[in-house]
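Results of the structural survey
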Amino acid sequence: MKRAVVVVCDSLRRDMMTTETTPNLLAVASRSVVFKDFSPVFPSVTRSSSPAIATGCHPVNHGILGSAMVIDEGTGPVCASVGDPDFVDRLRKVRGTVLFRPTISELLQDVGDAKIFSNVSAGAAYLLDPEGYGYVYHRAGSYGPGRKPVPAADRLDIAVGIEGDAEMTRRFCRDVIEGGVVFGTLWLSEPDNAGHNSPLGSPTHIAAIKSADRCVGNVLEAIAVVDPHFTETVLFVCSDHGMNSVRRTIDIAYQLVHSGFKSSYHSDDIVVADSGTSARIHISNSAKDRKQDLINFLNNQDWVDRAFSSDDLHDIGSPSCPGTSIVIAMAGDNVANEYGVSGMSDCAIGPDEVDQQIGVGQHGGAGFGEVQPFLFVRGPNLRASVSEAKVSLVDLAPTILEHLDVKPPRMDGRSLLPIMTRWAV
Ligand SMILES: [Zn+2]
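Residues numbered from 1 in each chain as written. Predicted model: local features only at pLDDT ≥ 70, side-chain atom pairs only at ≥ 80, totals over all residues. Heavy atoms only, no water.

Core analysis: the largest hydrophobic core is formed by 55 residues, its most contacted members being Phe-35, Leu-375, Leu-396 and Ile-400. The residues contacting Ile-400, other than those within four sequence positions of it, are Ala-4, Val-6, Ile-104, Phe-183 and Phe-236. In this structure, Ile-177, Val-181, Ile-209 and Phe-374 belong to the second largest nonpolar core, which totals 39 residues. (Core = buried A, V, L, I, M, F, W, Y, C linked by side-chain atoms within 4.5 Å. Buried < 20%, exposed > 50% of the residue type's maximum accessible area, 1.4 Å probe, protein only. Contact = heavy atoms within 4.5 Å.)

A separate point is the side chain of His-62. Mapped onto the secondary structure, His-62 falls in helix 3 (residues 59-62). Apart from residues lying up to four places away in sequence, His-62 is in contact with Ser-48, Pro-51, Ala-52, Thr-55, Cys-57, Arg-95, Val-98, Leu-99, Phe-100 and Arg-101. (Helix = DSSP H or I, 4+ residues; strand = E, 2+ residues; numbered from the N terminus.)

Further remarks concern the coordination of the zinc ion. Within the protein, the atoms that donate to the zinc ion are Asp-192 (OD), Asp-192 (OD), His-196 (NE2) and His-363 (NE2), at distances of 2.0 to 2.6 Å. Every donor counted, the four donor atoms about the zinc ion form angles of 54 to 154° at the centre, which fits irregular coordination. Sequence positions of the residues that donate to the zinc ion give the spacing D-x3-H-x166-H. With His-196 in helix 8 (residues 192-197) and His-363 in the loop between strand 18 (361-362) and strand 19 (375-378), the pair connects residues that are 167 residues apart, well separated along the chain. (Donors = N, O, S within 2.8 Å, 3.2 Å for Na, K, Ca; no water. Tetrahedral: all angles 85-135°; square planar, octahedral: opposite > 155°, others 65-115°.)

Angle between the axes and distance between the axes: these two values describe a pair of packed helices. One way to put it is that helix 7 (residues 162-178) packs onto helix 9 (residues 203-226) with a least axis distance of 10 Å and a crossing angle of 15°. The pairing of helix 7 with helix 9 is recorded here as roughly parallel in orientation. Pair helix 7 / helix 9 crosses with right-handed handedness. Together, Ile-162, Asp-165, Ala-166, Thr-169, Phe-172, Cys-173, Ile-177 and Glu-178 of helix 7 and Ala-207, Ala-208, Ser-211, Arg-214, Cys-215, Asn-218, Val-219, Ala-222, Ile-223 and Val-226 of helix 9 make up the contact between the two elements. Split by residue class, the contact of helix 7 with helix 9 holds twelve nonpolar, three polar and three charged. (Axes fitted to C-alpha atoms, helices over the stretch in contact; angles between N-to-C directions. Parallel < 35°, antiparallel > 145°, perpendicular 65-115°, else oblique. Left-handed = near helix turned anticlockwise from the far one by under 90°. Nonpolar A, V, L, I, M, F, W, Y, C, P; charged D, E, K, R; others polar.)

Let us now look at helix 4 (residues 87-95). Residues of helix 4 that are buried: Phe-87, Val-88 and Leu-91. With its buried residues spanning 95° around the axis, helix 4 presents them on a single face. Taken together, the buried residues of helix 4 touch strand 3 (68-72), strand 4 (77-81) and helix 6 (122-126). Immediately downstream of helix 4, the backbone of Gly-96 shows phi near 80°, a positive value. (Arc of directions from axis to C-beta.)

What follows concerns the domain arrangement of the protein chain. Under the domain assignment used here, the protein chain contains domain 1 (3-242 + 371-419) and domain 2 (247-360). Listed as interface residues are 28 residues of domain 1 and, on the opposing side, 28 residues of domain 2. Of the roughly 1,900 Å² buried between domain 1 and domain 2, counting both surfaces, carbon and sulfur atoms make up 66%. When residues of domain 1 are sorted by the area they lose upon contact with domain 2, Phe-42, Val-60 and Pro-77 head the list and together hold 31% of the total. Along the contact surface separating domain 1 from domain 2 lie zero salt bridges. For the interface between domain 1 and domain 2, the tally reads three residue pairs in polar contact (both at pLDDT 80 or more). Listing elements by their share of the side of domain 1 that touches domain 2, those giving two or more residues are helix 3, strand 3, strand 4 and helix 8. (Domains from an automatic or database assignment. Buried area = accessible area lost by both parts, 1.4 Å probe. Salt bridge = Lys/Arg side-chain N within 4 Å of Asp/Glu carboxyl O. Polar contact = N/O pair within 3.5 Å; in protein donor to acceptor, adjacent residues only side chain to side chain.)

If you walk through the whole model with that rule in mind, you get six aromatic pairs. Plain terms: the ring middles of Phe-117 and Tyr-137 are 4.4 Å apart, the flat faces sit at 10° to each other, and that makes the pair stacked. Of the two residues, Phe-117 is situated in strand 5 (residues 114-118) and Tyr-137 in strand 6 (residues 135-137); the sequence distance between them amounts to 20 residues. We classify Phe-117 as buried; its relative accessible area is 0%. Using a relative accessible area of 1% as the deciding quantity, one classes Tyr-137 as buried. Measuring from ring centre to ring centre gives 5.0 Å for Phe-374 and Phe-376, while their planes differ by 50°; the resulting arrangement is tilted. Exposure remark for Phe-374: the relative accessible area of 1% places this residue in the buried category. Taken together, Phe-117, Tyr-135, Tyr-137 and Phe-172 form an aromatic cluster joined through their ring pairs. The ring of Tyr-135 has Lys-115 lying over it, and the distance from NZ or CZ to the ring centre is 4.7 Å. (Phe/Tyr/Trp six-rings, centres within 6.5 Å; stacked < 30°, edge-to-face > 60°. Lys NZ or Arg CZ within 6 Å of the ring centre and 35° of its normal.)

If you want it as structure tokens, here you go:
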């Protein structure tokens, strides 16, 4: 039985793997095609990355623009957290659909079951299959086809972090690998969870990396039982983005009020949606004539790397998105933290957020460590090798569909199968 398996070690940087910390990941790498030039999407946040994996499209095309999004539910534009369990339902009500493109689970509905286990935010988990074509298991609620809640005994009652990831991995190996499911995704909360709460490279962060590595080892052991020579399984082990260390925090809304662009802190003429080390600024009709001046102002601030009009995103590897938004990549540098991990960024913070600590990890922009996710692909006849090809998160979906003999619809990504070296057969 052909199957595709995706394991995501959220936030793990490719330059943070060592024989001591990640023996299982390096063992997979030694038998896989290792992509040296694998890019995240922009913004480099999990809530935009999970639908990018599911649809094979960049955020502006699948429609999830960051960790938070400005939506109008009839009372004017407000900033909503994409991570909340009810976000997909709110978005569906506002625009009639959640994603603009079909997911892998939808495209596989006539082929077999798709089962997703995720221990990140509820929104990021549900965005892998928001219409419920397959199964999504998450601690905030687990759903089967038609978004029907699964029976109580089948729920995923775990916590975010190392122990929850380990329990979820046991379930994944049993239900997906041993269970003969056609497409399975295991999305670990570590090392992202530890990275957001402790310095990169600190003992806490390293313990979380080791935990993710053990989960990868468990999946390999389970596959070894059902398909020891990978004759029918294609396995993707990857991260969705890396992380930088926070060097400074900036409240963008405060800056815009202070400089006279926004009428008051909670006004809706200009609404800021933060995504860690990037942000999107929504400009209402009443403030349209301030847009170019605002872009000029932002590009003069030392906390901004680049501010773009949303019609002009090609420079950051994204299709353009006509509209009245400004996208900001926050400034940073390649300085190392106290544990020798390079890459620092300014971080956007808002009034409703838990205080972002200086010195811990963050992502969202295009800083040094953020654009260092990893991708290893192991599969039938694929020869272990290092590929220099420029590939991205949006290339997973078309590759998975081609392996499973499903013709993909139009996607931003392309199948990697033709560019990976094969053993002669
Ligand atoms: Zn994160």
